Amino acid sequence: MNAIFRWAFARSLSRVCGVEMTVSLIALSNVNAQTATVPSSTEKAAVDALIPWLLQEDAQLRGIPFSEVIFDSTGKHVLACNPKDETNARVLKQMSSVLDEVMARLNAPESPIQGIPRINEVSSHFEDLIRELLNKTPGLACDFPKTATGGKQRSGYPDLELVDQLSHRVYYLDPKLYAVGSRDSSFRTFYFEPKIATNKVREDAVHFIVGFEHEKPPADRQWKFTRWDLVDLSHFQVKLKAEFQGSNRDMYRPEAIVATSGKKVE
């Protein structure tokens, strides 16, 4: 993807992006030394135009509908979940039973999550159990969504794809864990990075965050989850935070090193 396309994409996202969303402008920052070439005058003009624009926008775009982010980056619609709709009402009832059971099982003293030190390491257990129990629910099928290239990828949004087999409606689920007292926090807890090859939103669908609240664990790390919420993202608003990034490979190029230690210090 060349700089012109990335610049156009960044401009298109000026209409698009609130829980903070970070979209890295890899186009302009992650130029690999092995493939780097002298930019054309057109590409340089695009870069020269981008920086002042970012500064003028204070590098952030706020209050943009997430539904527009999804549509502009995938061509798919984020559908609202009307609880009064017959199909939605049935699926919500089935999901509610599953989420009650998920929380009860993982709160149990013998649960595999008990004793895990970091909450980030607990998340995959929720994904796996939600998937397992939804698949056991008559009329529902749940799996990890496939990417545009046909592969399965656990990282990135969304985590799960639920299909109601009677109506063929699709529901995307993204489980989140948060501590009691942090519901009003402004700290980033959600992000979506638009991709082409690894895009996992391939259907018009309802998008849900499945939020599980937990108490702060005591020293023995016995996790206790106190509630869950199913959040419809059709009216969710996000923000774009632009950042330029590079890897160690980008920095430590042999031709860029001007001095180094003569030998390893013992």
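Because the structure is predicted, anything quoted here is derived from the model rather than measured.

Each value, and the rule that gives it
Residues numbered from 1 in each chain as written. Predicted model: local features only at pLDDT ≥ 70, side-chain atom pairs only at ≥ 80, totals over all residues. Heavy atoms only, no water. Helix = DSSP H or I, 4+ residues; strand = E, 2+ residues; numbered from the N terminus. Buried < 20%, exposed > 50% of the residue type's maximum accessible area, 1.4 Å probe, protein only. Areas by Shrake-Rupley, 256 points an atom, 1.4 Å probe, with all protein chains shown as cover. Core = buried A, V, L, I, M, F, W, Y, C linked by side-chain atoms within 4.5 Å. Contact = heavy atoms within 4.5 Å. Axes fitted to C-alpha atoms, helices over the stretch in contact; angles between N-to-C directions. Parallel < 35°, antiparallel > 145°, perpendicular 65-115°, else oblique. Left-handed = near helix turned anticlockwise from the far one by under 90°. Nonpolar A, V, L, I, M, F, W, Y, C, P; charged D, E, K, R; others polar. pLDDT = per-residue confidence, 0-100. Pairing = 2+ DSSP bridges. Salt bridge = Lys/Arg side-chain N within 4 Å of Asp/Glu carboxyl O.

### Thoughts on the overall build of the protein chain
For step 1, the next point in the chain: Helix and strand counts for the protein chain come out as 7 helices and 9 strands.
For step 2, the next point in the chain: Taking all 266 residues of the protein chain together, 38% fall into the buried category.
For step 3, the next point in the chain: Working note: accessible area of the protein chain is about 15,300 Å², and carbon and sulfur atoms make up 53% of it.

### Section: the nonpolar core
For step 1, the next point in the chain: Core analysis: the largest hydrophobic core is formed by 32 residues, its most contacted members being Val 102, Leu 134, Leu 162, Leu 173, Phe 212 and Phe 225.
For step 2, the next point in the chain: The set of elements that each furnish at least two residues to this core consists of α5 (86–107), α6 (123–135), β4 (140–143), β5 (160–164), β6 (169–179), β7 (205–214) and β8 (225–232).
For step 3, the next point in the chain: Per-element accounting of this core gives the leading share, 8 residues, to α5.
For step 4, the next point in the chain: If sequence neighbours within four positions are ignored, Phe 212 has contacts with Leu 99, Val 102, Met 103, Phe 126, Ile 130, Lys 176, Leu 177, Tyr 178, Phe 225, Arg 227 and Trp 228.
For step 5, the next point in the chain: Listed in part, the 15 residues of the second largest apolar core include Phe 66, Tyr 157, Phe 192 and Leu 233.

### Details of the packing of α5 against α6
For step 1, the next point in the chain: The contact between α5 and α6 brings their axes to 10 Å, and the two run at 135°. The angle between the axes of α5 and α6 places the two elements in the oblique class. When the axes of α5 and α6 are compared, the crossing they make is right-handed. Along the contact surface, α5 presents Met 95, Val 98, Leu 99, Glu 101, Val 102, Arg 105 and Leu 106, while α6 presents His 125, Phe 126, Leu 129, Ile 130, Glu 132, Leu 133 and Leu 134.
For step 2, the next point in the chain: Grouping the constituent residues of the contact of α5 with α6 by class yields 10 nonpolar, 1 polar and 3 charged.

### Looking at the side chain of Asn 88
For step 1, the next point in the chain: Relative to the helices and strands, Asn 88 resides in helix α5.
For step 2, the next point in the chain: Owing to a relative accessible area of 5%, Asn 88 belongs among the buried residues under this scheme.
For step 3, the next point in the chain: Sequence-distant contacts of Asn 88, defined by excluding residues within four places in its chain, comprise Cys 81, Asn 82, Arg 169 and Tyr 171.

### Here's the deal with the confidence of the model for the protein chain
Detailed reading of predicted coordinates is not advised where the pLDDT is low.
For step 1, the next point in the chain: Considering every residue of the protein chain, the mean pLDDT works out to 82; 80% of them sit at 70 or more.
For step 2, the next point in the chain: Contacts for the low-pLDDT stretch residues 1–36, under 50 throughout, to residues beyond four places or in other chains number 100 contacts.

### Observations concerning the pairing of β6
For step 1, the next point in the chain: Among the 11 residues in β6, 8 count as buried, and that is most of the element.
For step 2, the next point in the chain: Note that β5 and β6 share 5 bridges and pair antiparallel. Pairing of Leu 160 across the sheet is with Leu 173, part of β6.

### What about the pattern of salt bridges?
For step 1, the next point in the chain: One pass over the full model with this rule turns up 14 salt bridges.
For step 2, the next point in the chain: Put simply, Glu 101 and Arg 105 hold a salt bridge, and the shortest N to O gap is 2.7 Å. Here Glu 101 and its partner Arg 105 are both found in helix α5, 4 residues apart, which amounts to about one turn of the helix.
For step 3, the next point in the chain: Given a relative accessible area of 34%, Glu 101 falls into the partly exposed group.
For step 4, the next point in the chain: Given a relative accessible area of 37%, Arg 105 falls into the partly exposed group.
For step 5, the next point in the chain: Note that Asp 143 is salt-bridged to Arg 131, the shortest N-O span being 3.2 Å. Here Asp 143, found in strand β4, pairs with Arg 131, found in helix α6; they are 12 residues apart in sequence, far enough to count as distant.
For step 6, the next point in the chain: Here the residues in one salt-bridge network are Glu 127, Asp 128 and Arg 154, joined through shared partners.

### Side note on unusual backbone geometry
For step 1, the next point in the chain: Along the chain, Tyr 157 connects to Pro 158 via a cis peptide bond; the corresponding omega equals -10°.
For step 2, the next point in the chain: Counting through the fold element by element, Pro 158 comes out in the loop between β4 and β5.
For step 3, the next point in the chain: Residue His 168 is not a glycine yet carries a positive backbone phi of 65°.
For step 4, the next point in the chain: Inspection of the secondary structure puts His 168 in the loop between β5 and β6.

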